[in-house]
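An overview of the molecular structure
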There are 2 protein chains.
Amino acid sequence: MKQESQLVEKILRRLGSKSSSSFSPWRLSLGPGDDAAVLSPSSRSELVLSCDASLEGVHFRRATHPPSSIGYKSLARAASDLAAMGAAPRYYLLTVGVPNTLKAAWLDEFLGGMRRAARELGMTIIGGDTTTSSQVIVSITVLGEIGHGLALRRSGARPGDLIYVSGTLGEAQLGLEFALAGGGRDPRLRAELQPHLYPTIRIALGSWLARRRIPSAMMDISDGLSTDLTRLCQASGVGARVYADRIRRVRIPTSLPPKLRRRKLDPLQMALHGGEDYELLFTVPKKKSGGLKKCPEFSSLTLVGEITAAKTILLISNAGRVEKLKPRGWDPF
Amino acid sequence: MKQESQLVEKILRRLGSKSSSSFSPWRLSLGPGDDAAVLSPSSRSELVLSCDASLEGVHFRRATHPPSSIGYKSLARAASDLAAMGAAPRYYLLTVGVPNTLKAAWLDEFLGGMRRAARELGMTIIGGDTTTSSQVIVSITVLGEIGHGLALRRSGARPGDLIYVSGTLGEAQLGLEFALAGGGRDPRLRAELQPHLYPTIRIALGSWLARRRIPSAMMDISDGLSTDLTRLCQASGVGARVYADRIRRVRIPTSLPPKLRRRKLDPLQMALHGGEDYELLFTVPKKKSGGLKKCPEFSSLTLVGEITAAKTILLISNAGRVEKLKPRGWDPF
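Residues numbered from 1 in each chain as written. Chains lettered and ligands numbered in written order. Predicted model: local features only at pLDDT ≥ 70, side-chain atom pairs only at ≥ 80, totals over all residues. Heavy atoms only, no water.

A look at the overall build of chain A
Counting its secondary structure elements, chain A contains nine helices and 13 strands. Expected size for 333 residues packed as a compact globule is a radius of gyration near 20 Å; at 20 Å, chain A falls within 12% of this value. In terms of principal-axis extent, the alpha carbons of chain A reach across some 65 × 55 × 35 Å. Here chain A, with 333 residues, has 62% of them falling under the buried criterion. Across chain A, contacts joining residues at least 24 apart in sequence account for 84% of those joining residues at least 6 apart. Here chain A has roughly 13,500 Å² of accessible surface; of this, 49% comes from carbon and sulfur atoms. (Helix = DSSP H or I, 4+ residues; strand = E, 2+ residues; numbered from the N terminus. Rg over C-alpha atoms; globule rule 2.2 N^0.38 Å. Buried < 20%, exposed > 50% of the residue type's maximum accessible area, 1.4 Å probe, protein only. Contact = heavy atoms within 4.5 Å. Areas by Shrake-Rupley, 256 points an atom, 1.4 Å probe, with all protein chains shown as cover.)

Shown next, in the form of structure tokens:
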């Protein structure tokens, strides 16, 4: 990479085309290339903003992860915070730092992955910053849109509310285990790696739930159910009771690479504490739970427990044994 | 730093108080702490967005720069892109990566510097992300506000327009030279270091110019006049003629530290190519130049040249010698 201007040009060539699925009442008055981007708001909706960093050596390894996955996931995981509010993703700003020695092919694949995520999520790049850096760093700010007053917070859960989780938990950790065991680029492991390398973000589900005002609280599970449920309960000033046998959990394949056979992969532990599933965790007042049946993704939802007034989080085992569920999910520190 | 939650708590304790100078028609519906922030727009104004990264080893050195300066400048330089559009700064999102071994006192001073910048700029933190990292990384997204259609772009300069620059150029580079020569924390060098460590951002000037629709094009000088004027001319499809003797340039102190005496510090070269002055560069149609006299900061403005149809940028020396002005400012690569 010779000059910043060349990198910017490349990024905009790969990512700069306007997403066709953007039918936002927010108009982009000025896109990338000037000092800043300009958005013309619509008074019919609110703007939802979040940011997320993906760093080499912390969130990914260049030796392990395909560059297209790093590009895809950097944007997808940022967009998951929008899904967690029930917002529709619209725009993003990309800050990227790359070593001077980085190969052009790596950057092409990285941008290709991000382009695919942007297309799937309906997002358009509106700005960013580029710099040299000793390791690859990616920092993304995402902007979404939601009807006035519809954003779903973490703080609304009340005792008696039912706790729901979308999808299957622990699959992203299984994919990570496969990737770390050296299979990150093995095409035969595609199904197992997919949830870790190219996670699906629950945009449509989050948006459906918010529009119908069904949940009392919602967030995404990015750092593991145990950690994220703790956060939701703390924000709401409540506790929870979770039934272990209800949790839809990852299935461990019977044939495992030698490195993984030695590790004891426990599906329940992976479902409780594994990070990066990007599923939605939400609470529903009992009287509203009937409305969930109309959800197009109803079959992917699992009722895993209920909110309690006592501020502890309890895990009830199959045999009825009760233990405290401690936050043991992902923490970068 | 033991846990991410402790770092987040510290950041919000230091930066989280709402700025008192925020009298925006944009209402913050939901601040930091949830999955995302929510803004309620006003249909009377547009939203201006930009982002900027400050990395250890690229933009600052921990051994050279006081932590409060790193915090101050990370936010100030991002806000300069808002000034460059004529927008009023309102909100920011802060992504920060710090080594596990970072001392708490360093972080306190860093956040103290950022808090001071936020207060001076009238900005409120609305979100962010924290992570561990081998070196300190700071990535900031800033949001500003401007009346509909008033944002000043780089692309509007036309042949015959006059070229203005605010302030004195090259002072930030002189400060950098002092800092690199080992004086970064020397209280006797405060005046010389100030423009490098705690740059003043031209918010009021940018806003005044945009409201009166005086400039045809505007940007901030972050990478040096030669580089940034080239960008403005490229965006506008024009060239320029700049008069060397007109450029208000840094004064080199008579007594210099030994390390600096050996370097030949040329005020004109520093003014032309030195980065980080964060002054405004703008072009004004001749018929509108009279309106500039009413500017409260008129005395800080210098007419340095004019826009030409020929797409070259020429520097006219005191003796009338004409040479091409090549973009030789800062490039991170």
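The discussion continues.
Focus: the packing of helix 2 (residues 67-83) of chain B against helix 3 (residues 104-121) of chain B
All names here are of chain B. Remark: helix 2 packs on helix 3, axes separated minimally by 6 Å, with the N-to-C direction vectors making an angle of 35°. Of the two elements, helix 2 crosses helix 3, and the hand of that crossing is right-handed. On helix 3, the residues touching P67, S68, I70, G71, Y72, S74, L75, A76 and A79 of helix 2 are W106, E109, F110, G113, M114, R116, A117, A118, E120 and L121. Here the residues of the contact of helix 2 with helix 3 are counted per class, giving twelve nonpolar, four polar and three charged. (Axes fitted to C-alpha atoms, helices over the stretch in contact; angles between N-to-C directions. Left-handed = near helix turned anticlockwise from the far one by under 90°. Nonpolar A, V, L, I, M, F, W, Y, C, P; charged D, E, K, R; others polar.)

Structural notes on the sheet that holds strand 7 (residues 162-166) of chain A
Residue and element names in this part refer to chain A. The strand order across the open sheet formed by seven strands is 8-10-7-11-9-12-13, and the pairing between neighbours is mixed. Edge positions in the sheet fall to strand 8 (217-221) and strand 13 (322-324), since each has one partner strand and no second. The sheet shows a mean angle of 25° between the axes of neighbouring strands, taken without regard to direction. Direction of pairing for strand 7 relative to strand 10 (residues 279-284): antiparallel, over a ladder of four bridges. Residue pairing for strand 10: Y164 is matched across the bridge by F282. Along the sheet, helix 6 (residues 203-211) makes contact with strand 7, strand 8, strand 10 and strand 11 (301-308), crossing strand 10 at roughly 15°. (Pairing = 2+ DSSP bridges.)

Notes on the side chain of T308(A)
All names here are of chain A. Within the secondary structure layout, T308 lies in strand 11. A relative accessible area of 16% means that T308 is categorised as buried. Within polar-contact distance, the side chain of T308 engages the backbone oxygen of A310 at 3.0 Å. (Polar contact = N/O pair within 3.5 Å; in protein donor to acceptor, adjacent residues only side chain to side chain.)

So, the relation of the copies chain A and chain B
Applying a rotation about an axis and a shift along it to one chain copy brings it onto the other copy. Note on the identical chains: chain A maps onto chain B by a rotation of 180° and an axial translation of 0.0 Å, with an RMSD of 0.0 Å. The superposition operator between the copies reduces to a two-fold rotation axis. When C-alpha positions in chain A are compared against the rotation axis, the closest is assigned to S43(A), at 2.8 Å. A share of 100% of interface residues in chain A that are also interface residues in chain B marks the association as one of identical surfaces. (Least-squares fit on C-alpha atoms with pLDDT ≥ 70 in both.)

Re the interface of chain A and chain B
Taken residue by residue, the interface counts 65 residues in chain A and 65 residues in chain B. Carbon and sulfur atoms make up 58% of the area that chain A and chain B hide from each other, which totals about 4,900 Å². Among the residues chain A hides against chain B, the three largest losses belong to D35(A), L49(A) and F333(A). Together they make up 18% of the total. Between chain A and chain B we count four salt bridges in total. Between R154(A) and D34(B) there is a salt bridge, with the nearest N and O atoms lying 3.9 Å from each other. Linking chain A with chain B are twelve residue pairs in polar contact (both at pLDDT 80 or more), by the criterion used here. Those elements that provide at least two residues to the side of chain A that touches chain B are helix 1 (4-15), strand 1 (27-30), strand 2 (37-40), strand 3 (45-55), strand 4 (88-98), strand 5 (124-132), strand 6 (137-147) and strand 8 of chain A. Considering each element in turn, the side of chain A that touches chain B owes the most residues, ten residues, to strand 3 of chain A. Across the side of chain A that touches chain B, the residue classes break down as 29 nonpolar, 22 polar and 14 charged. Bridge count between strand 3 of chain A and strand 2 (residues 37-40) of chain B: three bridges; the pairing is antiparallel. In the sheet register, L49(A) faces strand 2 of chain B, and the bridge partner there is A37(B). (Buried area = accessible area lost by both parts, 1.4 Å probe. Salt bridge = Lys/Arg side-chain N within 4 Å of Asp/Glu carboxyl O.)

Some remarks on the packing of helix 1 (residues 4-15) of chain B against helix 3 of chain B
Residue and element names in this part refer to chain B. Across the interface, helix 1 lies against helix 3 with an axial gap of 9 Å and an inter-helix angle of 40°. In the packing of helix 1 onto helix 3, the handedness of the crossing is right-handed. Every residue of helix 3 that contacts helix 1 at L7, K10, I11, R13, R14 and L15 is listed here: A104, L107, D108, L111, G112, M114 and R115. Classifying every residue of the contact of helix 1 with helix 3 by side-chain character gives seven nonpolar, one polar and five charged.

Quick look at the sheet that holds strand 4 of chain A
Read from one edge of the open sheet, six strands run 5(A)-4(A)-6(A)-3(A)-2(B)-1(B), paired in mixed fashion. The outermost strands of the open sheet, each flanked by one partner alone, are strand 5 of chain A together with strand 1 (27-30) of chain B. Here the strands of the sheet are splayed against their neighbours by 20° on average, with no regard to which way each runs. In this structure, strand 4 of chain A lies alongside strand 5 of chain A, joined through eight bridges in parallel fashion. Among the inter-strand pairings, V98(A) is bridged to a residue of strand 5 of chain A, identified as T132(A). The strands touched by helix 2 (residues 67-83) of chain A within the sheet are strand 3, strand 4 and strand 6 of chain A, with strand 6 of chain A carrying the most contacts at an inclination of about 35°.

Quick word on the side chain of T131(B)
Within the element layout of this structure, T131(B) appears in strand 5 (residues 124-132). Excluding anything up to four places from it in sequence, T131(B) contacts L55(A), V58(A), H59(A), P332(A), F333(A), V96(B), G97(B) and V98(B).

Side note on the pattern of salt bridges
Under the defined criterion, the tally for this structure stands at 34 salt bridges over all chains. Close ionic contact of E276(A) with K73(A) constitutes a salt bridge, the shortest N to O distance being 2.7 Å. Taken together, the residues span a long stretch of sequence, with E276(A) in the loop between helix 9 (267-273) and strand 10 and K73(A) in helix 2 at a distance of 203 residues. Accessibility assignment for this pair places E276(A) and K73(A) in one class, buried. Between E323(B) and R321(B) there is a salt bridge; the shortest N-O distance is 3.9 Å. When its relative accessible area of 54% is taken as the criterion, R321(B) is described as exposed. Linked by salt bridges that have partners in common, D34(A), D35(A) and R154(B) make up one network.

Details of helix 7 (residues 225-236) of chain B
Residues and elements named next belong to chain B. With twelve residues, helix 7 extends 16 Å between its outermost C-alpha atoms, agreeing within 8% with the 16 Å of an ideal straight helix rising 1.5 Å per residue. The buried fraction of helix 7 is high, at nine of twelve residues. Following helix 7 by one or two positions, G237 has its phi on the positive side, about 70°. (Expected span 1.5 Å × (residues − 1).)

This is a description of form; function is not addressed.
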